[in-house]
Amino acid sequence: MLLTILTILLPFGALLAGWQFDGKSDDNPGGASLAPGLALDLQGGTQIILKAVTSDGSEITPEAMEEAIGVIRQRVDANGVTEAEIASQGADQIVVEIPGEVDDETVALISQAAQMKFRPVLTIGNPLPTVQPSADPSASGDEADEKASDEKAGDDAAAGGDAAADKPTKKEIAEQEKAIEAATDPSDLAQITPSVQAAFDALDCTDPKNLEGGGGDRPDLLLVTCDATGAAKYILGPVEVDGTAISKASSGLKSGANGTITNEWAVQLELDGDGTDQFRETTSRLNTLESPRNQFAITLDGLVISAPSLSPGVVITDGRPEISGSFTQDSAATLANQLNFGSLPLTFEVQGQNQVSATLGTEQLQRGLFAGLIGLALVVVYSLFQYRTLGMLTVASLVVAAAMTYVVIALLSWGIGYRLSLPGVAGLIVAIGFTADSFIVYFERIRDELRDGRSLRLAVQRGWTRARRTIYAAKAVNLLSAVILYFMTVGGVRGFAFTLGLTTIIDVMVVIWFTHPVMELLAKVPFFRDGHKASGLSPDRIEVTPRYRGAGRISAPTAGAEGAPDLGTAEQDRELVTAQSVTPSPRIGEDGRRMTIAERRAAERKAAAEAAQNEENI
Amino acid sequence: MARGFAQWGNDLYTGRRSYPIVQKRGLWFSIVALFSAASVLVLVFQGLNLGIDFRGGSEFTVSGASTTDEDVALDAVATVAPDEEPHISQVGANAVRVQVSELDNEQTDRVAEALADAYGVEVGEVTSNFIGPTWGQSVSMRALWGTVVFVVAAALFMAVYFRAWRMSVAAIVAMLADVLVSAGVYAVIGWEVTPSTIIGFLTILGFSLYDKMVVFDKVRENTATVTEQTRSTYAERANLAVNQTLVRSINTSVVALLPVAGILFVGGFLLGAGTLKDISLSLFIGIAAGALSSLFFATPLDVALREREPKIAEHTKKVMDLRAGLAAEGADESVLAAAASGSAQLVPGHHQGHTAQPRRRR
């Protein structure tokens, strides 16, 4: 019993604790709140549905989708939007849900393909800006990537070291193009124009805003950017090998010179034909250069994910480079994954863009809750009408179930980011019917047992064992449908299946841990035990057949004095031959005790003698 | 009235009052067949009114409009895209939804501006959606596959639980008939089919199967030992089960329908188009159909199927022969009545405890 109470109270405690110690606020959007999180249709915002398309018709793997979601998440957050929901839907769709309004540029940015490129490293620097941000806007910031993220960063720009970053002027681009043209090879330091150097100096890689990536960097220009972890900043030369040239990347233990397996993790790459040639050219040039120019950087969405250096004197001719270094098993796998994604010519098509107004959703929610309350009130009235005071137990159980559902949803929106949507609300309202049915099945079983003449205590006991089986079996089917639909479907259907499964589980919990124990307690209360007229278990409502209890006694309904079960007056459509009806009515002696057979015979003889005497007298 | 209802419940339980539901199964089968055929005809010839999620297109919602006159929107759309035939519906108290076929970005902006002008609201109050035609379809295809898997799994579960595959088949067939009839009624009323409607139909599936599970569990209970006696046949026991669960079924259906009726009323008549309206109509029809078919279609179908089972068929024949034999022998009227009362509830005796033993007289 104690355990039961604890189990029911546990979620409440957890939610309160979460609310106290990890409260939801503007700084902590993932925190707990007493109100459940609302989905886009109730909160308002923009939903973008993207479909992944491969240009070469190859299969889209789940890993690639996961990687793509990671890239899109980085891009959305680059726009300073928090709480964006990004989820894959089906094999090839990604749904991005962003609260608030979204402009066309963001959509374009989101739907861009992730761009992986190999660029030669020209300079590596400390992540902090080497000069204070210059007051002259045109003096710094000259590459497309910075432009993209800075524009979105908008008013927060003052915080970053790249405050002054602005669109590179045409003049600067032209200047750069000229410098690149004049350079002997892509590793030539002469390509670094003063404006590039200024941008590099001003760049602050400890500012998270500069670590969000964005893509859209021009492959033929230099790139000033950060390491994806913010550990360093780079000036990179023009693109030498495109990411799509990677045909396969895998991670594994490095094999040593004579084919033995060493203990070192490495990432192995395989390049396609063109890639092999380009890579051979690059490596043959780089290995003659001094550090850091003997490194090439792998950029994903404009950020450097890895900048391996070439071992001295190595020219990779077979298109199968291997990157080794201080990898762990995980980091090697991650890099291989990222490289694989870059090698996928995956682009996204916008399939649908939905602007959801919060006012409309709120109106629907309010009306929906209003409708639910009306429905609930009607259910209460009907239960009271049908089950009298016992109906209160139905109502109480529904209230407990509702409270638990609410708390669990609030907990889930804190824990796994569940959002309540309008179909979810509708599902909850419909669940009232399913939940109440468990109580109805249970009560009807108890009544059936009472009709068989059992005492209430026994009827509750037996009714429960029989009702339990039915409830379990029926709820199992419900749960089965919820689980299968949850795992097989997408979108709104999934949310609905979740609600259905949740309410089914809570329903069973409430019946076992609340309704049944309370019913057992009620069975001891005289009001119910003796079948008061308003208890819903009164004998005039439930026809209790007299039950032979042995030793000549019959358990007749206690309230039999008034409102008798009147077996006689109830129109008997046909003579029943049942176990009860064949029970012989025992003869009761004058002292109210059942007579023995001998006594009965004696009485019969006496009566016969008296009758004979009467006849004689006449 | 409550008194009468309770008395009615008592009579149903003891079998004093009994409706020949299983016995009249021919009638129910023909009614279901009629409705199913009508639904198929309606679905084939009229078809469902597919919503924008299935057709694809652009949708505009004007919130806080001064008027909800549809002509205003027609004119506004015509100024930008004269060939369009917009669907216009009122949403809520003062919002209008306009659906057109797919527009390009520039047209979308211009239609939004035109609508904002026409209804006298800020451009920000006009929200626009664009939905690809495959979106709703791909969602429903997955839902359909999920449903197929679920139905197969549920059928297996029921076959194992009841230890009778015929029972499982009866439940599944009855459930499919429910969904078919609900879809037919939905098509006749002609409201739009949206993803919410699909969710509604999935709920019907769940509810219908759930309800059949409860009724069949009573049938299982009543017929578990049917072959061990010769008083009543399988059909009679099943009929008793249906009669005994009648009160439960009525109570459950009323309780399940009341909240849905609430949503339907609020969603359908006060709010206009929207998720609530789409979901509640399909639910209302489906729950009513599901509850009715558990009693009048699923159980008779189960009886019809199981009477083909050799063991049951043999038993039924034996009981009937015994009864005929009794009548032929000209048995006492009470014996015949006893034999014919196979539909009555029998409560087996059990040990009453030592206090029930006769006591020695002193």
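Residues numbered from 1 in each chain as written. Chains lettered and ligands numbered in written order. Predicted model: local features only at pLDDT ≥ 70, side-chain atom pairs only at ≥ 80, totals over all residues.

For the rest of this paragraph, the subject is the overall build of chain A. When helices and strands are tallied, chain A shows 16 helices and 15 strands. Within chain A, buried positions represent 44% of all 618 residues. For chain A, the share of sequence-separated contacts (at least 6 apart) that also reach a separation of at least 24 residues comes to 73%. (Helix = DSSP H or I, 4+ residues; strand = E, 2+ residues; numbered from the N terminus. Buried ≥ 20, exposed ≤ 12 C-beta atoms within 10 Å, placed from the backbone. Contact = placed C-beta atoms within 7 Å.)

Here we come to the overall build of chain B. On a plain count of helices and strands, chain B comes out with 13 helices and six strands. Among the 362 residues that make up chain B, the fraction classed as buried is 52%. Taking contacts inside chain B between residues at least 6 apart in sequence as the whole, the part at least 24 apart equals 77%.

Quick look at the nonpolar core now. Counting residues in hydrophobic clusters, the biggest one holds 127 residues, and the most contacted among them are B:Ala171, B:Leu202, B:Val260 and B:Ile287. By residue number, the principal contributor to this core is helix H12 (residues 422-451) of chain A, which donates 17 residues. If we ignore the near neighbours within four places in the chain, the residues touching B:Leu202 are A:Leu485, A:Val493, A:Phe496, B:Ala143 and B:Thr147. Core analysis: the next-biggest nonpolar cluster, separate from the first, contains 45 residues, A:Ala198, A:Val239, A:Leu269 and A:Leu271 among them. (Core = buried A, V, L, I, M, F, W, Y, C linked by C-beta atoms within 7 Å.)

Before going further, it helps to examine the environment of A:Asp274. Locating A:Asp274 in the fold gives a position in helix H8 (residues 273-286). Measuring from C-alpha to C-alpha, the distance between A:Asp274 and A:Ile246 comes to 10.0 Å, with 28 residues separating the pair along the chain.

At A:Arg388, a position not held by glycine, the phi torsion is positive, near 50°. With respect to the element layout, A:Arg388 can be found in the loop between helix H10 (358-387) and helix H11 (390-415). Among the residues examined, A:Arg388 registers 19 C-beta atoms within 10 Å and is labelled partly exposed. Unlike most non-glycine residues, B:Arg163 shows phi in positive territory, near 55°. Summarising the element assignment, B:Arg163 is placed in the loop between helix H6 (133-162) and helix H7 (165-189). When the 11 C-beta atoms within 10 Å are taken as the criterion, B:Arg163 is described as exposed.

A few words on the packing of helix H8 (residues 195-223) of chain B against helix H9 (residues 234-244) of chain B. Packed helices, taken two at a time, are described by their axes: the angle between them and the distance between them. Residues and elements named next belong to chain B. For the pair H8 and H9, the least separation of the axes is 8 Å and the interaxial angle reads 135°. In terms of axis orientation, H8 runs oblique to H9. Relative to H9, the crossing made by H8 is right-handed. Taken together, the residues of H9 that come into contact with H8 (itself represented by Val215, Lys218, Val219, Asn222 and Thr223) are Tyr234, Arg237, Ala238, Leu240, Ala241, Val242 and Gln244. The residue inventory of the contact of H8 with H9, partitioned by class, reads seven nonpolar, three polar and two charged. (Axes fitted to C-alpha atoms, helices over the stretch in contact; angles between N-to-C directions. Parallel < 35°, antiparallel > 145°, perpendicular 65-115°, else oblique. Left-handed = near helix turned anticlockwise from the far one by under 90°. Nonpolar A, V, L, I, M, F, W, Y, C, P; charged D, E, K, R; others polar.)

Right, let's get into the confidence of the model for chain A. Residues and elements named next belong to chain A. With 64% of its residues at a pLDDT of 70 or more, chain A has an overall mean of 70. Within chain A, the element-level pLDDT minimum falls on helix H5 (residues 144-153), averaging 40, and the maximum on helix H13 (residues 456-488), averaging 87. Taken as a whole, residues 133-167 scores under 50 in pLDDT and shows 84 contacts with residues more than four places along the chain or in a different chain. Across residues 557-586, confidence stays below pLDDT 50; counting only partners more than four residues off in sequence or on other chains, it has 39 contacts. (pLDDT = per-residue confidence, 0-100.)

This part is about the pairing of strand E6 (residues 233-236) of chain A. All names here are of chain A. Across the two faces of E6 the burial is the same, with Lys233 and Ile235 and Tyr234 and Leu236 all buried. The pairing of strand E4 (residues 116-125) with E6 spans four bridges and is antiparallel. Residue pairing across strands places Val121 opposite Leu236, the latter belonging to E6. Here strand E5 (residues 223-226) folds back onto E6, and the loop between the two strands holds six residues, one of which, Gly230, carries a positive phi near 80°. (Pairing = 2+ DSSP bridges.)

All names here are of chain A. An ideal rise of 1.5 Å per residue puts 20 Å on 14 residues; H8 measures up with 20 Å between its terminal C-alpha atoms. Turning to H8, its buried residues number three or more, namely Gly275, Thr276, Phe279, Thr282 and Leu286. All buried residues of H8 lie within an arc of 135° about the axis, which places them on one face of the element. (Expected span 1.5 Å × (residues − 1). Arc of directions from axis to C-beta.)

Before going further, it helps to examine helix H4 (residues 70-80) of chain B. Residues and elements named next belong to chain B. Three or more residues of H4 are buried, namely Val72, Ala73, Ala76 and Val77. Down the axis of H4, the smallest arc covering the buried residues is 125°, so these residues share one side. For H4, the exposed residues set more than 90 degrees away from the buried face come down to Asp71 and Asp75.

All names here are of chain B. Interaxial distance between H7 and H8 falls to 9 Å at its minimum, and their mutual angle equals 145°. Crossing hand, H7 versus H8: right-handed. Contacts from Met167, Ala171, Ala174, Met175, Asp178, Val179 and Ser182 of H7 reach H8 at Phe201, Ile204, Leu205, Ser208, Leu209, Lys212 and Phe216. Among the residues forming the contact of H7 with H8, the class breakdown is 10 nonpolar, two polar and two charged.

All right, on to the environment of B:Arg323 then. With respect to the helices and strands, the residue B:Arg323 is situated in helix H12 (residues 310-328). Along the backbone, B:Arg323 and B:Arg231 are 92 residues apart, and their C-alpha atoms lie at a distance of 8.7 Å.

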